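Descriptive analysis of the structure
Chain residues, written in single-letter form:
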Amino acid sequence: MANTVVEKLGNTAVQPSTEEILAEWKKRVDAYQYDPNRPVRHYPLEHFAQALKKAVREKL
């Protein structure tokens, strides 16, 4: 996430302070809205491994 903060500031030589990074994280946490009715997809490890193998084979 620190990279996200740096990217938002652009390619400047000035690095954000720890306080600025923590403020950005806190803002994201405060903005988060939990919705228990939102569908969540959970994949078993075997499914993930098969999908990963397939994707790698397609790229080769």
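Every chain's residues receive numbers from 1 upward, in the order its sequence appears when written. Owing to the predicted nature of the model, reporting of local features is limited to residues with pLDDT of at least 70; listing and counting of side-chain atom pairs is limited to 80 or more, with chain, interface and lining totals taken over all residues. Water and hydrogen atoms were dropped before computing side-chain values, which therefore reflect all heavy atoms in the structure.

Right, let's talk about the overall build of the protein chain for a bit. Assigned secondary structure in the protein chain consists of three helices and zero strands. Per-residue accessibility, obtained with a 1.4 Å probe over protein chains only, is compared with the maximum for each type, and a residue is labelled buried under 20%, exposed over 50%, and partly exposed between these values. Counting the 60 residues in the protein chain, one finds 7% classified as buried. With residues, only the protein chains shown are counted as cover, and all accessible areas are computed by Shrake-Rupley using a 1.4 Å probe. When the accessible surface of the protein chain is split by element, carbon and sulfur atoms take 58% of a total near 6100 Å². Helix and strand assignments follow DSSP, with helices taken as H or I runs no shorter than four residues and strands as E runs no shorter than two, numbered in order from the N terminus.

There is a patch of nonpolar side chains on the surface, built from Leu45, Phe48, Leu52, Val56 and Leu60 and spanning about 590 Å² of accessible area. Its location among the elements puts valine 56 in helix α3 (residues 45–59). Classification of valine 56 as partly exposed rests on a relative accessible area of 43%. A patch is a set of surface residues, each over 30% in relative accessible area and not in a salt bridge, joined within 9 Å for like charges and within 5 Å for the nonpolar side chains Val, Leu, Ile, Met, Phe, Trp and Tyr. Salt bridges, as used here, are contacts in which a Lys or Arg side-chain nitrogen is within 4 Å of a carboxyl oxygen on Asp or Glu.

Turning our eyes to something else, we now look at the pattern of salt bridges. One pass over the full model with this rule turns up three salt bridges. Via salt bridges that share partners, Glu24, Lys27 and Arg28 belong to a single interconnected network.

Note: α-helices contain 3.6 residues per turn, so residues at a spacing of three or four share the same orientation. For a helix, the expected span equals 1.5 Å multiplied by the residue count minus one. Helix length check: α3 (15 residues) gives 21 Å between terminal C-alpha atoms against 21 Å at 1.5 Å per residue, within 8%. For α3, a buried count of zero out of 15 residues is recorded, marking the element as mostly open to its surroundings.

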